[in-house]
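Descriptive analysis of the structure
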Amino acid sequence: MGVVDVSVLFESGCGSLKGMRSELNSLDALKSFIDDNFGHICQRDPPALRRFFGRVPTFLEELGAAEEAELFKKFGSASLEAMQCALLALLANLGREPPECVGYSQLRGELRRLVIEPRSKESLEFSPSKPFFSNVLLYGPPGCGKTALVKRMAFESGALLIETKLEAHDGMKFAAFEAANASENALVLVDEIDTFAFDRFAHDYGSAYMNSLLCAVEEASLSSGVQVFACTNMPWKLDSAVLRTGRFSYARYVGLPLPEDREALFKRYSEGVLTDGVDFAALAEKDYFHTCSDVKHVCVQAVRLAWNDGISSGRRVAVAQRHFEQALQATASSAVPWFDCITSLPRNELAREYLSGLCDDIERYAASKRPPRKVIAYTNAGLNSYS
């Protein structure tokens, strides 16, 4: 792609706001500028901001992103907030690498059938109606890759990924749905939906906002090509209306990685690392109740242990099996507090839809011994673990 001076785009679209701009000479600078100043510019000079957005397609074409330029033209009559969401999503897509997503082959297959197959040429050719999509709720312990799965599905399907932000004001949260409806081929990611869609019977506030959010989800599901994914670590806090038909018709548990998933994770996070005879399959068979992020942490700690050995011996030391095994034993599972919480809940507080996916991991949790909790301290002498 070519290089364009973004400041020219900004000045030609928002000439009255020249004094506000910083050095806008890269896409990253443009993203940061929009994030930091959008609200202020929108209040100060909305017509100038709309003129700025009007020049965006030309700017994208000059970058060699003709497809994104045509797509952004669809947002010409949308609200400024929706145009901001769309532009940030398009800029995030430019030149991006495939999102990392390792393991969970069965779940990924299910999600492909829900996301990618309805968008395929064969499906569009033989479908007796317009494409229809089911919204999906992903739940499970933190660190198991729920958000990464959604980003991977968006990438593989070619759909525009539009994320809602916790820190955004209410209008911006709903702008994500408006932008998705205008794009006609989008995935809306509502991360940590329990923050928005909490149980109204347990709180005496937020009912009006909750109703608006659920209506936005339902309206998006009626739009051709729009699909909503939500992620949560705390499904028991969600309002029962979330799982109503037409809102989130599918709830899928993203649990702890299985041995084959852990092996793939060990190999992925050890790429480019000098190793010596490491048996990743044997490491994966050691079940310490680790999440995906825990496995990544184990790999980092194993490298650090080898580095410490190298410092002590005065030579380069490859990462060996013993380094991984020591790091495994020293890394406590970050999922234990989550399972402590979920197994202490009264059975009737967890909707029936959630229990089927959880059963296997709950049984593993109940049958296993608690992983030892250790505090890892780094000193000049090396890595020390204290029980």
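Cut-offs applied
- Residues numbered from 1 in each chain as written.
- Predicted model: local features only at pLDDT ≥ 70, side-chain atom pairs only at ≥ 80, totals over all residues.
- Heavy atoms only, no water.
- Helix = DSSP H or I, 4+ residues; strand = E, 2+ residues; numbered from the N terminus.
- Buried < 20%, exposed > 50% of the residue type's maximum accessible area, 1.4 Å probe, protein only.
- Areas by Shrake-Rupley, 256 points an atom, 1.4 Å probe, with all protein chains shown as cover.
- Core = buried A, V, L, I, M, F, W, Y, C linked by side-chain atoms within 4.5 Å.
- Contact = heavy atoms within 4.5 Å.
- Pairing = 2+ DSSP bridges.
- Axes fitted to C-alpha atoms, helices over the stretch in contact; angles between N-to-C directions.
- Arc of directions from axis to C-beta.
- Parallel < 35°, antiparallel > 145°, perpendicular 65-115°, else oblique.
- Left-handed = near helix turned anticlockwise from the far one by under 90°.
- Nonpolar A, V, L, I, M, F, W, Y, C, P; charged D, E, K, R; others polar.
- Phe/Tyr/Trp six-rings, centres within 6.5 Å; stacked < 30°, edge-to-face > 60°.
- Salt bridge = Lys/Arg side-chain N within 4 Å of Asp/Glu carboxyl O.
- Polar contact = N/O pair within 3.5 Å; in protein donor to acceptor, adjacent residues only side chain to side chain.

Across its full length, the chain holds 17 helices and nine strands. Classification of the 387 residues of the chain by burial places 47% in the buried group. Of the accessible surface of the chain, which amounts to about 18,900 Å², a share of 50% is contributed by carbon and sulfur atoms.

Right, let's talk about the nonpolar core for a bit. The biggest cluster of nonpolar side chains holds 102 residues, and the ones touching the most others in it are Phe 72 and Phe 324. Discounting residues that sit within four places of it in the chain, Phe 324 has contacts with Phe 266, Ser 270, Val 278, Phe 280, Leu 283, Val 298, Cys 299, Ala 302 and Val 319.

Here we have five strands laid out as an open sheet, ordered β2-β3-β4-β1-β5, and parallel in their pairing. A strand with exactly one partner marks an edge of an open sheet, and here the two such strands are β2 (160-163) and β5 (250-253). Across the sheet, the mean angle separating the axes of adjacent strands is 20° when strand polarity is ignored. Relative to strand β4 (residues 226-232), strand β3 (residues 186-191) runs parallel, the two sharing six bridges. Considered in β4, the bridge of Leu 187 is made with Gln 227.

Next up on the list: helix α12 (residues 259-269). Burial in α12 covers these residues: Asp 261, Arg 262, Leu 265 and Phe 266. All buried residues of α12 fall inside an arc of 135° around its axis, so they share one side.

Another aspect to go through is helix α5 (residues 66-73). Considered for burial, the residues of α5 that qualify are Glu 68, Ala 69, Leu 71 and Phe 72. Buried positions in α5, seen along its axis, are confined to an arc of 165° and lie on one side of it.

A word on the packing of helix α14 (residues 292-313) against helix α15 (residues 321-330). Running from N to C, α14 and α15 point in directions that differ by 125°, and their axes come no closer than 8 Å. Overall, the two elements α14 and α15 adopt an arrangement that is oblique. The interaxial crossing formed by α14 with α15 has right-handed handedness. For the pair α14 and α15, the contacting residues are Val 298, Cys 299, Gln 301, Ala 302, Leu 305, Ala 306 and Asp 309 in the first and Arg 322, His 323, Phe 324, Gln 326, Ala 327 and Leu 328 in the second. Considered class by class, the residues forming the contact of α14 with α15 number eight nonpolar, three polar and two charged.

What the rule picks out here adds up to eight aromatic pairs. Among the aromatic residues, those joined into a cluster by ring pairs are Trp 236, Phe 289, Trp 338 and Phe 339.

This part covers the pattern of salt bridges. Scanning the model with the defined rule gives nine salt bridges in all. Across the salt bridge formed by Glu 156 and Arg 112, the nearest N and O atoms sit 2.8 Å from each other. Residue Glu 156 is found in helix α9 (residues 146-157), and its partner Arg 112 is found in helix α7 (residues 105-115); the two are separated by 44 residues along the sequence. What makes Arg 112 partly exposed here is its relative accessible area of 28%. The partner of Arg 268 in a salt bridge is Glu 271, and the shortest N-O contact between them spans 3.3 Å. Residue Glu 271 is classed as exposed on the basis of its relative accessible area of 55%. Each of Glu 100, Arg 268 and Glu 271 takes part in one network of salt bridges that share partners.

Here we come to the environment of Lys 146. Tracing the chain through its elements places Lys 146 in helix α9. Taking the C-alpha atoms as reference points, Lys 146 and Tyr 253, 107 residues apart in sequence, are found 9.2 Å from one another. Once residues within four sequence positions are removed from consideration, Lys 146 is found in contact with Leu 138, Tyr 139, Gly 140, Pro 141, Cys 231, Thr 232, Asn 233 and Val 254. For Lys 146, the side chain forms a polar contact with the main-chain oxygen of Gly 140, separated by 3.3 Å.

The next thing to look at is the side chain of Ser 270. In this structure, Ser 270 sits in the loop between α12 and β6 (275-276). A relative accessible area of 8% places Ser 270 in the buried class. Leave out the neighbours within four places in its chain, and Ser 270 touches Phe 280, Cys 299 and Phe 324.

Relative to the helices and strands, Cys 231 is located in strand β4. The spatial distance from the C-alpha of Cys 231 to the C-alpha of Ala 251 is 9.8 Å, given a sequence separation of 20 residues. Setting aside its immediate chain neighbours within four residues, Cys 231 contacts Leu 138, Lys 146, Thr 147, Val 150, Leu 189, Val 190, Asp 191, Glu 192 and Ile 193.

These results come straight from atomic positions and should not be treated as a statement about function.
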